[in-house]
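# What the coordinates show
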Amino acid sequence: MRAVTEAPLPVRVPLVTQPMGLWGSLQASRRNVLSIIPDLATRQPMVSGKTGKRWHMVMDPGANRRILLENLDNYPKSIVTKNLLRPAIGESMFIAEGANWRWQRRTAAPVFSHRNVMNLAPVMSAAAERSVARVTQAGPRAVDFLAEMVTTTFDVISDVTFSGGEGFDRDGVHKAIDAYIAEAGKISLFDILGMPDWVPRPGRTFFAGGVKEMKRVADEAIEARKARGHEGVPDLLDLLLAGEDPESKRQMNVGELRDNLLTFIVAGHETTALTLAWSLYLLAFDPVVQERARDEVRGVVQGRVATGEDVAKLPFIRRIVDEALRLYPPAGMVSRTAQGPDELCGREIRRGDTVILPFYALHRNKLLWEEPDAFRPDRWGGQRPDRYAYLPFGDGPRICIGASFAIQEAVIILATLLANLRFTPVKGKAPEPVMILTLRPQGGVWLEATPV
């Protein structure tokens, strides 16, 4: 009999099929955190083990709902995660717990209302237009679209954060953030398994000087804005300065404003850049989907630059973004430490157990998805999956506050690029999905882009 030739699949992480042991797991995790996920996690609702301490990987939507919503207080972010990020973003809402988190979240939530996000759409359109100009100017040669998308999304986040300029050193802040992420991202298996913070982490140092300078620049920009006052369309800083907790009437001081703004800057450009880079890789991988997407864009976008009003008219572009987030979620894995006993999938959870949510495995679990490793944007055209089977932004009360901002930005930039450029892969330059702090295409996303 002749073997059936299967359609090629986009790049994926080779998951573990044999027990690795502590040392093997540690070595693997230093290179790619996702490589410690057992392949079994794509076929089971839950996988448990012991590597120094008890751990559980959860891929069951009902159990995810319990962790992220119903029993949220029992599963706070791990101490290690907080200690990793605190030098850069202080006690911002990303790290804070309990009452300190609640008042910050209530204060910031209106900032990301649909109206405010739509008001910032022209900034996204302008950044997309500049990206097209840069790529076109580069001429007929391969471009690393990971680097290009990082530049484009940093353009957006710095414009919507400090639109007035105020002497804000964009390049300096960008370099400080990248250096910090590169070092903080040298994550070890000790971190994933929730080992105490006093256990040494080999090779981890912090670019404290760059972070300190970044905070100083942000503080000065906030003080300058407070003195100058609001002008034109309010940006994120204007909205946060005006914001107050509707319950306590408390407003953020300069330090709290700075920590939350830096959180938005760090998280807001990195994750959207990755979503766009992976989306472009997938479109180059499947030229039929790319042409269909371009046809949709050309039927909607006038003047070759997408706007905020166009987003709702581009459902296929949104499906591509959703599918990229499924296959390559920027936060491929998060861990929690159980504060007390619980039960997940009929299994006992003890106080101190590490509970891991491997979104990468969840999004490719064969119990939840048909052809989970395939790029199929049309899977989003009908009934959506269980809410807790698809978690690129988390869920529950702590769902990413900027999710709608990120989706709008991704659709505008992707549509504008498709309206102007055709993308083809560069042979021998396929990216490798590697998670350090986020799930990045290692080696970049090298594509040839030619004007349409």
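Residues numbered from 1 in each chain as written. Predicted model: local features only at pLDDT ≥ 70, side-chain atom pairs only at ≥ 80, totals over all residues. Heavy atoms only, no water.

Helix length check: helix 7 (residues 145-161) (17 residues) gives 24 Å between terminal C-alpha atoms against 24 Å at 1.5 Å per residue, within 8%. Burial within helix 7 is extensive, with 15 of its 17 residues counted as buried. A distance of 3.0 Å separates the backbone nitrogen of L146 from a side-chain oxygen at the start of helix 7, and that oxygen is part of D144. (Helix = DSSP H or I, 4+ residues; strand = E, 2+ residues; numbered from the N terminus. Expected span 1.5 Å × (residues − 1). Buried < 20%, exposed > 50% of the residue type's maximum accessible area, 1.4 Å probe, protein only. Polar contact = N/O pair within 3.5 Å; in protein donor to acceptor, adjacent residues only side chain to side chain.)

What follows concerns the sheet that holds strand 3 (residues 142-144). With respect to topology, three strands assemble into an open sheet ordered 3-11-8, the strand pairing being antiparallel. Strands with a single pairing partner mark the edges of an open sheet, and in this sheet they are strand 3 and strand 8 (421-425). Within this sheet the neighbouring strands show an average axis-to-axis angle of 45°, counted without direction. Bridging between strand 3 and strand 11 (residues 446-451) involves three bridges; their strand directions are antiparallel. Within strand 11, the position partnered with V143 by the bridge is L447. (Pairing = 2+ DSSP bridges. Axes fitted to C-alpha atoms, helices over the stretch in contact; angles between N-to-C directions.)

Moving on: the pattern of salt bridges. Applying the stated rule across the entire model yields 32 salt bridges. D373 is the partner of R12 in a salt bridge, and the nearest nitrogen-oxygen pair spans 2.9 Å. Taken together, the positions of R12 in the segment before helix 1 (21-31) and D373 in the loop between helix 15 (359-362) and helix 16 (403-420) put the pair 361 residues apart, joining distant regions of the chain. Connected through shared salt-bridge partners, R12, R364 and D373 make up one network. (Salt bridge = Lys/Arg side-chain N within 4 Å of Asp/Glu carboxyl O.)

Let us now look at helix 6 (residues 121-138). The end-to-end C-alpha distance of helix 6, which contains 18 residues, comes to 26 Å, matching closely the 26 Å that a straight helix rising 1.5 Å per residue would cover. Those residues of helix 6 not exposed but buried are A121, M124, S125, A127, A128, S131, V132 and V135. Seen along its axis, helix 6 keeps its buried residues to an arc of 165°; they face one direction. Turned more than 90 degrees away from the buried face of helix 6 sit P122 and Q137, all of them exposed. Contacts from the buried residues of helix 6 go to helix 5 (114-119), helix 7, helix 16, strand 8 and strand 11. Looking one or two residues past helix 6, G139 carries a phi angle of roughly 80°, positive in sign. (Arc of directions from axis to C-beta. Contact = heavy atoms within 4.5 Å.)

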